[in-house]
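Working through the structure, step by step
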Amino acid sequence: WRGDRLTLEASGQVFFANDRSGVALSLRGFAANDQNVGLLGGIQLPDIAGVRTDAENRPFVESDDRPGFALGFSAKSDRWGSLRAYVSDNRGNPDVVGSEGRLWDTEFFSLAYHKAFYGGWFVSAQWLAGRTETVAGPDLALTFGSDFETTSLLVARDIGPVRLAVRGELFDQDDTSTCLCPPLGESGEVVTAAATWRLGDHHQFIGELQHISGDRDGGPDNLPFSRNETQFTLAYRIVF
């Protein structure tokens, strides 16, 4: 529905082949990057107790013949910005063991706000929360999984062909497993500062400085550990 001052949009999707979504988040935790996983791609899983496993999770598989669904709603206004709500449930059946392993039941809700201001300023905020769970081995009464949540705020400004941006994010993951499994809980924060120089419509030069700190309940040898890391990245991107 499009009005003079407000645009409303609702959408719904039914999808298949997402039965292993949630594996990497629970076993590895959050990752502060913009990696897109292709339909046939996978996500590297962590080593176990210091032993390299070279394991990879392929989230886009179908084993239980149950479709997942997603619903979205957005409201857009030139004056107030845009607000979008989105909920997704893959409806994976944890009792089923597919070709890639046991399936995971994963659902989440997201709320995002975007607003452009005078002078080239731009603000984007997002809150996302959900849960993921599977069965721990042949005992169907024991579960393995976590509740997760992340909140982020980005402030950016365009100065001619250059965009300067600062983004902060808080993330948290609570272990909900009922089995004696490796602990999954973690919490932390990420701060990113970036500059993007747009050269025409097709070329971008990007410099990014990122600092991440976090505490995880189960690290090497399944013992609690903390980590602070800082990374600087230079990138060139072709857009077409």
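Heads up: these notes are all about the structure in this document. What you see is a predicted model; the values in this text were computed from it and never measured.

Parameters and conventions
Residues numbered from 1 in each chain as written. Predicted model: local features only at pLDDT ≥ 70, side-chain atom pairs only at ≥ 80, totals over all residues. Heavy atoms only, no water. Pairing = 2+ DSSP bridges. Helix = DSSP H or I, 4+ residues; strand = E, 2+ residues; numbered from the N terminus. Axes fitted to C-alpha atoms, helices over the stretch in contact; angles between N-to-C directions. Phe/Tyr/Trp six-rings, centres within 6.5 Å; stacked < 30°, edge-to-face > 60°. Buried < 20%, exposed > 50% of the residue type's maximum accessible area, 1.4 Å probe, protein only. Lys NZ or Arg CZ within 6 Å of the ring centre and 35° of its normal. Salt bridge = Lys/Arg side-chain N within 4 Å of Asp/Glu carboxyl O.

Attention now moves to the sheet that holds strand S1 (residues 7–15). An order of S1-S4-S5-S8-S9-S10-S11-S12-S13-S14 is seen for the 10 strands of this open sheet, with the pairing classed as antiparallel. Looking at which strands have only one partner, the edges of the open sheet turn out to be S1 and strand S14 (225–238). Neighbouring strand axes in the sheet, compared pairwise and without regard to direction, differ in orientation by 10° on average. Pairing of strand S13 (residues 203–216) with S14, which is carried by 14 bridges, proceeds in the antiparallel orientation.

This part covers the packing of aromatic side chains. Aromatic ring pairs: the centre-centre distance and the angle between the two ring planes describe each pair. Evaluated as defined, the whole model comprises 6 aromatic pairs. Both rings, one in Phe205 and one in Tyr236, keep their centres 5.1 Å apart while their planes meet at 35°; by these two values the pair is tilted. In this pair, Phe205 is assigned in strand S13 and Tyr236 in strand S14, connecting sequence segments 31 residues apart. Residue Phe205 is classed as partly exposed on the basis of its relative accessible area of 35%. Note on Tyr236: relative accessible area 44%, which makes it partly exposed. Members of the aromatic cluster, connected to one another through ring pairs, are Trp197, Phe205 and Tyr236. Cation over ring: Lys115 sits above Phe117, and NZ or CZ is 4.5 Å from the ring centre. Sitting above the plane of the Phe122 ring, Arg163 keeps its charged end 5.8 Å from the centroid.

This brings us to unusual backbone geometry. Among all residues save glycine, negative phi is the norm, and among peptide bonds the norm is trans. In the Ramachandran plot, Ala17 falls in the positive-phi region, its phi being about 60° despite a non-glycine side chain. Among the secondary structure elements, Ala17 is positioned in the loop between S1 and helix H1 (23–28). Within the chain, Asp65 stands out as a residue other than glycine whose phi angle is a positive 55°. Mapped onto the fold, Asp65 is located in the loop between strand S3 (56–57) and strand S4 (68–77). According to the relative accessible area criterion, Asp65 is exposed, its value standing at 63%.

When the charged atoms of two side chains lie near each other, side chains of opposite charge can form a pair. Considering all chains together, one arrives at 9 salt bridges under this definition. Note that Arg227 and Glu229 form a salt bridge whose closest N and O atoms lie 3.7 Å from each other. Linked by salt bridges that have partners in common, Asp105, Glu107, Arg131 and Glu133 make up one network.

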